[in-house]
Amino acid sequence: MITRAALGFLAASMVAIGARSLRALSTSGAAVAALAGAAACASGWWWGVLLVAYFALTTALSKSGSQSKARLMESIVEKGDERDGWQVLANGGAFVGAALGHLIWHSPSWYAIGAGALAASAADTWATEVGMLSSGQAVSIVSGRRVPVGTSGGVTVAGSVAALGGALFIAVLAAFARWPIVFAAVALGGIAGAITDSLLGASVQCRRWCSACGKATERKVHNCNAPTEVVGGSRWVDNDVVNGICSVVGGLITLVLQ
Ligand SMILES: [Zn+2]
């Protein structure tokens, strides 16, 4: 187990350093990713493979079309395209928690929770990354009204197809790993988690407004340097909180379906 953890830490560190140099991760993001890789590999090689595969593909997607995304990021999204430690934890924490649970107490339930949590994270991040490239309109999942692409809780056709792809990708990997779980339970859990993410993003997630530009944003300080004010949702619920809940919901729904 210690050998796996050490080798996992080495492998994850190399991937994290690569992602850091591509500016896909901040320094704190790279540190958390390396520790997450060590914890996952300690639990079993396939736990590590799933995490690294998820991470590598998500990085590739987030780097595609990065110029047009940068424009959206600048004004709407809270954080830039370097994922920090909190973002890595929000997306991978539930999966790593399941890996550690499996390490301490062997139960098939951990496979369902882990795969479902990662499927939800993959569905949500892929939907966001592909959706932001979409030339079509986004509509709010709650009100059905048109919102700018990149707005939390806004859904696009391309993003929805990408969400399905993300959930299926993790379900296929779990099948390759011969984990004792039902393929459809992982896929549906992942989709349910991503839908939960959009619902929370459109309702309780903190919405801010820059009165200097007259624009909606998630940033505390807008890219024009003016401080923004809270105009909706809860001050305490940011994108990381919503992503963390999305992942936990994906794991639990997969466990129940299982
Ligand atoms: Zn502004």
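Structure: see above.
Remember, predicted model here, so these are calculated numbers, not experimental data.

Rules used throughout
- Residues numbered from 1 in each chain as written.
- Predicted model: local features only at pLDDT ≥ 70, side-chain atom pairs only at ≥ 80, totals over all residues.
- Heavy atoms only, no water.
- Helix = DSSP H or I, 4+ residues; strand = E, 2+ residues; numbered from the N terminus.
- Expected span 1.5 Å × (residues − 1).
- Contact = heavy atoms within 4.5 Å.
- Pairing = 2+ DSSP bridges.
- Axes fitted to C-alpha atoms, helices over the stretch in contact; angles between N-to-C directions.

(A) The arrangement of helix 3 (residues 45–63) in detail. Under the 1.5 Å per step criterion, the end-to-end length of helix 3 is 27 Å for 19 residues, consistent within 8% with the ideal 27 Å. Positive backbone phi, at 65°, marks glycine 65, one or two positions downstream of helix 3.

(B) Fine view of the environment of valine 221. Its location among the elements puts valine 221 in the loop between strand 5 (215–217) and strand 6 (229–232). Each C-alpha atom, one on valine 221 and one on glutamate 78, is 8.9 Å from the other, the two residues being 143 residues apart in sequence. When near neighbours in sequence (up to four residues on either side) are disregarded, valine 221 contacts Ala226, Pro227 and Thr228.

(C) Focus on the sheet that holds strand 5. The strand order 5-4-6 describes an open sheet built from three strands, whose pairing is antiparallel. Bordering the open sheet on either side are strand 5 and strand 6, each of which pairs with just one other strand. Between one strand axis and the next, the sheet turns by 45° as a mean value, whatever way the strands run. Summarising the sheet, strand 4 (residues 207–210) and strand 6 pair through three bridges and their orientation is antiparallel. In the strand pairing of strand 6, arginine 207 is matched with glycine 232.

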